[in-house]
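Survey of secondary and tertiary structure
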Amino acid sequence: MNNTLRTNPQQGRAIATINSILEASKRVLLSQGYERFTTNRVAAASGFNIGTVYRYFPDKENIISQLYQKRLDESYLFLTTQLTNGTTWSGVDEFFGHLLREYIAGHSNEDHAIAVELTKAAVMNQHVKQLDQTHDERILTTLNQAIYERFDTTFEHHLIKFFLELGMHLALMVSMKPEENREFTAQQAVISVIAAVRIHTMHRTAT
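Because the structure is predicted, anything quoted here is derived from the model rather than measured.

We now examine the packing of aromatic side chains. Scanning all chains against the criterion turns up seven aromatic pairs. When the ring of Phe155 is compared with that of Phe163, the centres are 6.2 Å apart and the planes differ by 75°; the resulting orientation is edge-to-face. In this pair, the class of Phe155 matches that of Phe163, namely buried. What links up through ring pairs into an aromatic cluster is the set Trp89, Phe95, Phe96, Phe151, Phe155, Phe162 and Phe163. Geometry around Tyr76 places Arg138 over its ring, the cationic atom sitting 3.6 Å from the centre.

Assignment of secondary structure puts Gln69 in helix α4 (residues 60–83). Relative accessible area serves as the criterion here: at 22%, Gln69 is assigned to the partly exposed category. Residues Gln69 and Val128, 59 residues apart in the sequence, show an inter-C-alpha distance of 8.3 Å.

With respect to the helices, strands and loops of the structure, His112 is situated in helix α6 (residues 109–124). When residues no more than four places from it in sequence are discounted, the contact partners of His112 are Tyr103, His107, Ala171, Leu172 and Ser175.

This part takes up unusual backbone geometry. Its identity is not glycine, yet Asp152 carries a phi of approximately 55°, on the positive side. For Asp152, the position within the fold is in the loop between α7 (126–151) and α8 (157–176).

Let's shift gears to the pattern of salt bridges. Following the criterion strictly, the structure yields nine salt bridges and no others. Two residues, Lys161 and Asp136, come together in a salt bridge whose shortest N-O distance is 3.4 Å. Highlighted residues: Lys161 in helix α8 and Asp136 in helix α7, separated in sequence by 25 residues. Exposure remark for Lys161: the relative accessible area of 34% places this residue in the partly exposed category.

Thresholds, definitions, all that
Residues numbered from 1 in each chain as written. Predicted model: local features only at pLDDT ≥ 70, side-chain atom pairs only at ≥ 80, totals over all residues. Heavy atoms only, no water. Phe/Tyr/Trp six-rings, centres within 6.5 Å; stacked < 30°, edge-to-face > 60°. Buried < 20%, exposed > 50% of the residue type's maximum accessible area, 1.4 Å probe, protein only. Lys NZ or Arg CZ within 6 Å of the ring centre and 35° of its normal. Helix = DSSP H or I, 4+ residues; strand = E, 2+ residues; numbered from the N terminus. Contact = heavy atoms within 4.5 Å. Salt bridge = Lys/Arg side-chain N within 4 Å of Asp/Glu carboxyl O.

As structure tokens, then:
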């Protein structure tokens, strides 16, 4: 199983069909979860017959892989957009705080719910896990280069990954809060990430 389409779309209609199937797949993930995700449910949600689904996607895991790759591409686009928008930061801590603040502002409850279901796929599906590993290296390399260029310092990849994972967990916590508590929780999440990076930076300077 791989994450390539069964048929390479050349026409606008075919691309529109594929996008419709993928959007329907997201709805199935949200309503049924990864464990109950099937091509029959995708076909029903998309309005296409099962033959049309199989024309482009050989099995349900291929659909999941396509959704996961799309999420990874959006994640990398988010990062590169933040790095090229002309913003300046006083330090690495403020930089990570900015990334989390913008991530929270730009992601809906639905985005977080889809991320949770696709994370299950990363655990249970070996091919998706490989996609994740490749993406991680790309993100970490890009971030480390940006940190060096802007702040004349470097971090170990495992430490950058820790800060990113901390931010993701905090962003998920924010999304789970009632609307009236979300702004406060988001502020505290950003403060927490800034503090974590600042403490590490101060420790490195001291030693």
